[in-house]
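Results of the structural survey
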Amino acid sequence: MSTSQLVRGPAPPGGADGRVPRVELARVVPVSGRRRVVPRWLRRTVGPVVLVVLWQVLSATGALEGDILASPGTIAATAGDLVSDGTLPSAMLVSLQRVAVGLVLGGVAGVVLALVSGLSRLGEDLIDATVQMLRSIPWVGVIPLFIIWLGIGEAPKIALISLGVAFHLYLNVYAGIRGVDAQLVEAGTSLGLSRWGLVRHVVLPGALPGAMTGLRYSLATAWLALVFGEQVNADDGLGFLMNQAREFFRTDVIVVCLVVYAILGLIADFLVRTLERLLLQWRPTFTGQ
């Protein structure tokens, strides 16, 4: 059979020369136009602004009496007076010092105990049961014992903050260590990592998300413990201002102190979130849609 008798296949697309025609892609524009996105910071302020406006309206109409709760305008004026005479900055500084010292002492104790208990079975047998038993006791309920043991000065206030911080960090760091994937540990061992190398390059990075979560809980607990601690014979601080205001039925001063507590807590949480973004860049997470 000659070459001219062969059956020819289908011609290549595009023409006799075999060239493929170029396809132009047109951009599709929605009919409704570009969607306008409201900034997140603006959306997050809607709720607080609506609450304050409603609060002011109720106070102005007399539905909410000033003896029960002062109006936002009165609270703002009181806050200005407390700042101008130096009372509020001095109280904030004292309270911040107490929280900082308690956070450091409790944080060191909680992390050290979690490392010993999480990295060693012997440490777990000696430490974990005792910590779990003490954790079940309401830490606010030990205030009378702290007063008997440590007196009525600064020591019981700092000890109360340290106690609440230590338990949160211990639980989260310990859970983070024991939650590390065993296959990663086996892979590190097969690569020749020593025990310290495994702890440094595998276990501790894997436990870091749990430690950050524990730090956030610890900060919240530190502020809560500060409120209770400053009720114990305090002569300065935000709790002392609240005690004085309670005796004279100054709801405006009480709300100012509560607002300061909230602002300091938000700032602390923002700092921890920033630290999380810096230390946990290797871990992609879902941020919502």
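Here the structure is a predicted model, which means the values were calculated and not measured. (Residues numbered from 1 in each chain as written. Predicted model: local features only at pLDDT ≥ 70, side-chain atom pairs only at ≥ 80, totals over all residues. Heavy atoms only, no water.)

Let's talk about the overall build of the protein
Just so we agree on the cut-off: Labels follow the DSSP assignment, with helices taken as runs of H or I lasting at least four residues and strands as runs of E lasting at least two, numbered in each case from the N terminus. Burial status follows relative accessibility: with a 1.4 Å probe on protein chains alone, a residue under 20% of its type maximum counts as buried, one over 50% as exposed, and anything between as partly exposed. Contact criterion: two residues are considered in contact whenever any of their non-hydrogen atoms come within 4.5 Å of each other. In these tables, accessible area is a Shrake-Rupley quantity obtained with a 1.4 Å probe, and a residue counts as shielded only by the protein chains included in the view.
Per the secondary structure count, the protein includes 11 helices and 0 strands. From first element to last, N terminus to C terminus, the protein shows the α and β order α-α-α-α-α-α-α-α-α-α-α. Out of the 289 residues in the protein, the part that is buried amounts to 31%. Across the protein, the fraction of contacts at a sequence separation of at least 24, relative to all contacts at a separation of at least 6, is 71%. For the protein, the accessible surface area stands at approximately 19400 Å², while carbon and sulfur atoms represent 66% of it.

Structural notes on the packing of aromatic side chains
Inclusion rule: Note on aromatic pairs: the rings of Phe, Tyr and Trp (six-membered ring only in Trp) are paired at centre separations within 6.5 Å, and the planes decide the class, stacked below 30 degrees, edge-to-face beyond 60, tilted for the rest.
Summed over the entire model, instances satisfying the criterion amount to 3 aromatic pairs. With centroids separated by 5.8 Å and ring planes inclined at 10°, the aromatic side chains of Tyr 170 and Tyr 174 adopt a geometry described as stacked. Here the residue Tyr 170 and the residue Tyr 174 both occupy positions in helix α7 (residues 154-178), the gap between them amounting to 4 residues, near one helical turn. When sorted by exposure, Tyr 170 lands in the same class as Tyr 174, which is buried. Consider the rings of Trp 223 and Tyr 261, whose centres lie 6.4 Å apart with planes at 70°: the pair is edge-to-face. Of this pair, Trp 223 sits in helix α9 (residues 195-229) while Tyr 261 sits in helix α11 (residues 251-279); the two residues are 38 residues apart in sequence, bridging distant segments of the chain. Each member of the pair, Trp 223 as well as Tyr 261, carries the same accessibility label: buried.

Looking at the packing of α9 against α11
Heads up, the rule is: Angles here are taken between N-to-C directions and fall from 0 to 180 degrees, while the axes themselves are lines fitted to C-alpha atoms, restricted in helices to the stretch in contact. The cut-offs work like this: below 35 degrees is roughly parallel, past 145 is roughly antiparallel, 65 to 115 is roughly perpendicular, and the gaps in between are oblique.
Contact geometry for α9 and α11: axes closest at 10 Å, N-to-C directions at 170°. In terms of axis orientation, α9 runs roughly antiparallel to α11. Contact residues: α9 offers Leu 208, Met 212, Thr 213, Leu 215, Arg 216, Leu 219, Trp 223, Leu 226 and Val 227, while α11 offers Tyr 261, Leu 264, Gly 265, Ala 268, Asp 269, Val 272, Arg 273, Leu 275, Glu 276 and Leu 279.

Thoughts on empty space enclosed by the protein
Condition: With a 1 Å grid spanning the protein atoms alone, the term cavity applies to any set of points in which a 1.4 Å probe fits but cannot get out, the term pocket to an open set with protein on both sides within 12 Å along at least five of seven lines, and the term lining residue to any residue with an atom within 4 Å of a point. Grid points are joined across faces, edges and corners, and a volume is the space filled by probe spheres set on the points.
One pass over the full model with this rule turns up 1 cavity of 30 Å³ or more. Volume-wise, the largest cavity comes out at about 40 Å³. Lining the largest cavity, in full, are Ile 143, Phe 146, Pro 156, Lys 157, Leu 160, Gly 229 and Val 232. Of all elements in the fold, only α6 (143-150) and α7 reach the threshold of two or more residues within the lining of the largest cavity. The element that contributes the greatest number of residues to the lining of the largest cavity is α7, accounting for 3 residues.

Overview of the pattern of salt bridges
Put simply, the rule reads: By definition here, a salt bridge exists when the distance from a side-chain nitrogen of Lys or Arg to a carboxyl oxygen of Asp or Glu is within 4 Å.
Under the criterion given, the structure shown has 6 salt bridges. The partner of Glu 124 in a salt bridge is Arg 178, and the shortest N-O contact between them spans 3.0 Å. Taken as a pair, Glu 124 in helix α5 (residues 121-135) and Arg 178 in helix α7 lie far apart in primary sequence, 54 residues in all. Taking the shortest distance from any N to any O, the salt bridge between Arg 273 and Asp 269 comes out at 2.9 Å. Within this pair, Arg 273 and its partner Asp 269 are both found in helix α11, separated by 4 residues, close to a single helical turn. Ionic contacts of the salt-bridge type, sharing partners, join the residues Arg 98, Glu 154 and Glu 230 into one network.

A word on the packing of helix α2 (residues 46-60) against helix α3 (residues 72-84)
Where we set the bar: Here the term charged refers only to Asp, Glu, Lys and Arg, the term nonpolar to Ala, Val, Leu, Ile, Met, Phe, Trp, Tyr, Cys and Pro, and the term polar to all other amino acids, Gly among them.
Put simply, α2 and α3 touch, their axes get as near as 8 Å, and they point 105° apart. For the element pair α2 / α3, the angle class is roughly perpendicular. In contact with Val 52, Trp 55, Gln 56 and Ser 59 of α2, α3 contributes Pro 72, Gly 73 and Ile 75. When grouped by side-chain class, the residues that make up the contact of α2 with α3 number 4 nonpolar, 3 polar and no charged.

A closer look at unusual backbone geometry
Positive phi outside glycine occurs at Phe 249, with the angle close to 55°. By secondary structure assignment, the location of Phe 249 is in the loop between α10 (238-247) and α11.

Some points on α3
For clarity, the cut-off: For a helix, the expected span equals 1.5 Å multiplied by the number of residues minus one. Here the arc refers to the set of directions running from the helix axis out to each C-beta atom.
With 13 residues, α3 should cover 18 Å at 1.5 Å per step; its first-to-last C-alpha distance of 18 Å lies within 8% of that length. Looking at α3, one finds that the buried residues are Pro 72, Ile 75, Thr 78 and Leu 82. The arc enclosing the buried residues of α3, seen along the axis, measures out at 120°, which places them on a common side. In this fold, the buried residues of α3 make contact with α2, α4 (87-119) and α11. Trailing α3 by a residue or two, Gly 86 shows a phi angle of about 85°, which is positive.

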